[in-house]
Amino acid sequence: MSSSPADTTAERSVLITGGNRGIGRCIAEEFLRRGDKVAVTSRSGSGGPEGALTVAADVTDAASLDQAIATAQEAHGPIEVLVANAGITDDQLLLRMNDASFESVIDTNLTGAFRTVSRVIRSMMRAKRGRIVLISSVVGQYGSPGQVNYAASKAGLVGMARSITRELGSRGITANVVAPGYIDTDMTASLSDDLKAKYRDAIPAGRFADPAEVAKVVAFLASEDAAYISGAVIPVDGGLGMGH
Ligand SMILES: NC(=O)c1ccc[n+]([C@@H]2O[C@H](COP(=O)([O-])OP(=O)(O)OC[C@H]3O[C@@H](n4cnc5c(N)ncnc54)[C@H](OP(=O)(O)O)[C@@H]3O)[C@@H](O)[C@H]2O)c1
């Protein structure tokens, strides 16, 4: 099977950080369904979906990422599609948020994405093709009380994708941001029922989303059909963030 840039059927080497649960796992399942070779990271080194290669990596630990990417590339070839999905929250009102909380959320969500992108970009440039999708959040542009650290990290991903686009847009590489709203995963499971009801009332769609609804958008942005979309922020938020 040829792997020319115009070939939409060739299976690609896909890497998803945080692919053992939640949105990342669903994204991995979507790429597997489309016939790609999928590697996922998890901190434990297990837990990815059947059919994916699960490798251990903590995105705050450069050496573990080096090892994970080397293992994925040995198995599947140079990474052609990267989904930087690993992320955490550590919510506190600003008055109570300390430096450690701010720094750890930035280190995982923003610097972690940089560490991953910077380790796969060279081979994408060599191949003159690549798809980078950064998983941000509606909160990155909308803002959210108690999430100064998280919102700053997710807003930073927009600048990252747009700078990558300006640097490498002429090399067959796209970099886009997906900004989910409230998605049913472990991350939102701990919210109180009262808070969930308040959020639901604010969402024009009147419901939370299933992670599969995010996964399909990510897969589209990674497809040949999306070759001319780069530096975009695609909301998957039921209308919550409109205009932001
Ligand atoms: N759920 C939502 O409503 C929502 C909304 C907007 C944006 N998002 C974003 O979507 C992404 C996935 O969220 P989710 O809801 O699926 O969260 P989740 O269920 O809590 O899963 C988080 C994933 O990130 C991984 N991760 C966390 N810290 C890591 C680290 N230091 N190194 C490597 N992996 C790490 C976790 O791996 P382990 O299992 O090893 O901990 C896990 O796979 C995040 O970036 C999140 O900010 C979520």
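## A word on the confidence of the model for the protein
Predicted coordinates in regions of low pLDDT should not be interpreted in detail.
Piece 1. Scored by pLDDT, the protein has a mean of 95; 96% of the residues are at 70 or more.
Piece 2. Across residues 1–8, confidence stays below pLDDT 50; counting only partners more than four residues off in sequence or on other chains, it has 13 contacts.

## What about the site of the ligand?
Piece 1. Close to the ligand lie 28 residues; Asn20, Arg43, Asn85, Tyr150 and Thr185 are nearest.
Piece 2. Asn85 has a polar backbone atom sitting 2.7 Å from an oxygen atom of the ligand.
Piece 3. Contact between the ligand and Tyr150: an oxygen atom at 2.5 Å from a side-chain N or O atom of the residue.
Piece 4. Protein chains shield 94% of the accessible area of the ligand, which is 890 Å² for the free molecule.
Piece 5. Of all the secondary structure elements, the ones that give two or more residues to the shell around the ligand are helix 1 (22–33), helix 5 (148–168) and helix 6 (186–189).
Piece 6. At 3 residues, helix 6 tops the list of elements feeding residues into the shell around the ligand.
Piece 7. Here the shell around the ligand is built from residues that sort into 11 nonpolar, 12 polar and 5 charged.

## Structural notes on unusual backbone geometry
Trans peptide bonds make up the majority, and among non-glycine residues the majority have a negative phi.
Piece 1. Unusually for a residue other than glycine, Lys128 sits at a positive phi of about 60 degrees.
Piece 2. Within the secondary structure, Lys128 sits in the loop between helix 3 (99–127) and strand 5 (130–135).
Piece 3. By relative accessible area, Lys128 is classed as exposed at 58%.

What counts as what
- All residue numbers refer to positions counted from 1 along the written sequence of the respective chain.
- pLDDT decides what is reported in this predicted model: residues at 70 or higher carry local features, side-chain atom pairs at 80 or more are listed and counted, and totals for whole chains, interfaces and linings draw on all residues regardless.
- The side-chain values count all of the structure's non-hydrogen atoms but skip hydrogen atoms and water molecules.
- Values of pLDDT, the confidence the predictor places in each residue, fall between 0 and 100.
- Only heavy atoms matter for contacts: two residues are in contact if any of them lie within 4.5 Å across the pair.
- By convention in this text, a residue qualifies as near a molecule or strand provided that one of its non-hydrogen atoms is within 4 Å of it.
- Whenever a nitrogen or oxygen atom comes within 3.5 Å of another N or O atom, the pair is scored as a polar contact, on the condition that within protein one atom can donate a hydrogen and the other can accept it, and that pairs from neighbouring residues in sequence are kept only if both atoms are in side chains.
- Values of accessible area rely on a 1.4 Å probe in the Shrake-Rupley scheme; residue burial ignores everything except the protein chains shown.
- For helices the rule is a DSSP run of H or I covering at least 4 residues; for strands it is a run of E covering at least 2, with both sets numbered from the N terminus onward.
- In this classification, the charged set is Asp, Glu, Lys and Arg, the nonpolar set is Ala, Val, Leu, Ile, Met, Phe, Trp, Tyr, Cys and Pro, and all remaining amino acids, among them Gly, are polar.
- When accessible area is computed with a 1.4 Å probe and restricted to protein chains, residues below 20% of their type maximum are described as buried, those above 50% as exposed, and intermediate ones as partly exposed.

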